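Structural overview for review
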Amino acid sequence: MSPAPSPRVIALDGPSGSGKSPVARGVARVLGLSYVDTGAMYRAATLAVLRAGVPPTDAEAVERVVSAATISLSSDPDAPGVQLDGADVTAEIRGPEVTATVSAVSAVPAVRRRMVAQQRELAAGGAVVEGRDIGTAVAPDAPVKVFLDADPDVRAVRRAGDRDVGVRAEGDVVQAVALDLARRDRLDSTRAASPLQAAADAVHLDSTALSADEVIARVLELAAAAGFAAAR
């Protein structure tokens with residue numbers, strides 16, 4: 001069944017480290033829209049799988065665990081967060097074990113179907129939705145679709161900077177992050193279910209040399225052209 005039209009959705013896709021989260025939150029804040037971080041939902045599902053001790057390659061077992069889990073997402077761009085079975089796991093889902101496993105769990109078709117249905121519900125009242133398959137699967141009728149990307153080295157530095165390490169002093173950390181990003185890019189772009197790819201009608205933005213504010217301004221221009229108005 002095809003999804004309902006998404007007249008108040010801004011779809012923001014792209015790989016890790018491209019700057020999706022700060023841009024999506026900034027745009028949602030200006031336009032008074034909800035913020036939906038689909039990656040956090042898949043990470044919470046992955047945490048549920050890890051806690052259950054289920055091999056992420058066992059699709060049936062993964063489906064059972066995720067189907068039994070309750071994943072709740074905060075849609076406030078100023079207070080993003082995610083809960084798993086009633087407990088706040090916003091920090092825990094960013095750990096290395098979840099990061100190493102999330103691509104495998106999110107590749108399970110049943111998991112994606114469940115998450116996509118929930119994401120559409122969250123976006124129904126108007127939202128900026130970030131992820132990897134928003135413009136192609138979650139909200140293919142969104143009037144604004146952006147595919148955000150950046151140079152792999154820049155993405156690695158940004159992602160490493162999210163960790164509690166001294167990035168400049170720990171070049172090996174950046175290199176390790178770069179290898180992990182390349183691995184995730186490969187897995188996410190080659191999976192059978194809703195792979196990472198730009199929608200045919202998405203606007204491509206390269207954030208390599210741009211600040212988050214500059215990218216936000218560009219997305220807001222696209223939103224204004226599509227009829228979105230800033231919140232009062």
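Heads up: the structure comes first, above all this text.
Analysis parameters
Residues numbered from 1 in each chain as written. Predicted model: local features only at pLDDT ≥ 70, side-chain atom pairs only at ≥ 80, totals over all residues. Heavy atoms only, no water. Helix = DSSP H or I, 4+ residues; strand = E, 2+ residues; numbered from the N terminus. Rg over C-alpha atoms; globule rule 2.2 N^0.38 Å. Contact = heavy atoms within 4.5 Å. Areas by Shrake-Rupley, 256 points an atom, 1.4 Å probe, with all protein chains shown as cover. Lys, Arg positive; Asp, Glu negative; His and termini not counted. Charge placed at Lys NZ, Arg CZ, Asp CG, Glu CD. Core = buried A, V, L, I, M, F, W, Y, C linked by side-chain atoms within 4.5 Å. Buried < 20%, exposed > 50% of the residue type's maximum accessible area, 1.4 Å probe, protein only. Axes fitted to C-alpha atoms, helices over the stretch in contact; angles between N-to-C directions. Parallel < 35°, antiparallel > 145°, perpendicular 65-115°, else oblique. Left-handed = near helix turned anticlockwise from the far one by under 90°. Pairing = 2+ DSSP bridges.

When helices and strands are tallied, the chain shows nine helices and eight strands. In terms of C-alpha radius of gyration, the chain reaches 17 Å, essentially the compact-globule figure of 17 Å for 232 residues. Overall, the chain is about 50 × 50 × 30 Å in size when its C-alpha atoms are taken along their principal axes. In the chain, once contacts between residues fewer than 6 apart in sequence are set aside, the share between residues at least 24 apart is 76%. Accessible surface for the chain amounts to roughly 10900 Å². Of this, 52% is attributable to carbon and sulfur atoms. Both charge centroids of the chain, one from 25 positive and one from 30 negative side chains, sit 2 Å from each other.

Attention now goes to unusual backbone geometry. Leaving glycine out, the prevailing phi sign among residues is negative, and the prevailing peptide bond configuration is trans. Non-glycine residue Asp-85 carries a positive phi angle of around 50 degrees. Considering the arrangement of structural elements, one finds Asp-85 in the loop between strand S4 (81–84) and strand S5 (87–88).

A word on the nonpolar core. Formed by 38 residues in total, the largest nonpolar core has its most connected members in Val-62, Ile-71 and Val-82. Counting residues per element, this core draws most heavily on helix H2 (residues 38–52), at eight residues. Setting aside residues no more than four positions away along its own chain, Val-82 makes contact with Ala-40, Ala-44, Ile-71, Ser-72, Leu-73, Ala-87, Asp-88, Val-89, Thr-90 and Ile-93. Listed in part, the 21 residues of the second largest apolar core include Tyr-35, Val-128, Leu-205 and Ala-223.

Right, let's get into the packing of H2 against helix H5 (residues 109–123). Where H2 meets H5, the axes come as close as 11 Å, and the angle between the chain directions of the two elements is 140 degrees. One finds that H2 runs oblique with respect to H5. Here H2 runs over H5; the crossing is right-handed. Where H2 abuts H5, its residues Thr-38, Met-41 and Tyr-42 lie against Val-111, Arg-112, Met-115, Val-116, Gln-118, Gln-119 and Leu-122.

Taken in spatial order, the three strands of this open sheet run S3-S4-S5, and their pairing is antiparallel. Lying at the two open borders of the sheet, with one neighbouring strand each, are strand S3 (71–74) and S5. Bridge count between S4 and S5: two bridges; the pairing is antiparallel. Looking across to S5, one finds that Leu-84 is bridged to Ala-87. Contacts from H2 reach S3 and S4, with the element oriented near 30 degrees to S4.

Here four bridges tie S3 to S4, and the two strands are oriented antiparallel to one another. Note on S4: the bridge partner recorded for Ser-74 is Gly-81.

Attention shifts here to the environment of Ser-72. Mapped onto the secondary structure, Ser-72 falls in strand S3. With relative accessibility at 33%, the residue Ser-72 sits in the partly exposed group. Between the alpha carbons of Ser-72 and Val-174 there is a distance of 32 Å; along the sequence they are 102 residues apart. When residues no more than four places from it in sequence are discounted, the contact partners of Ser-72 are Gly-81, Val-82 and Gln-83.

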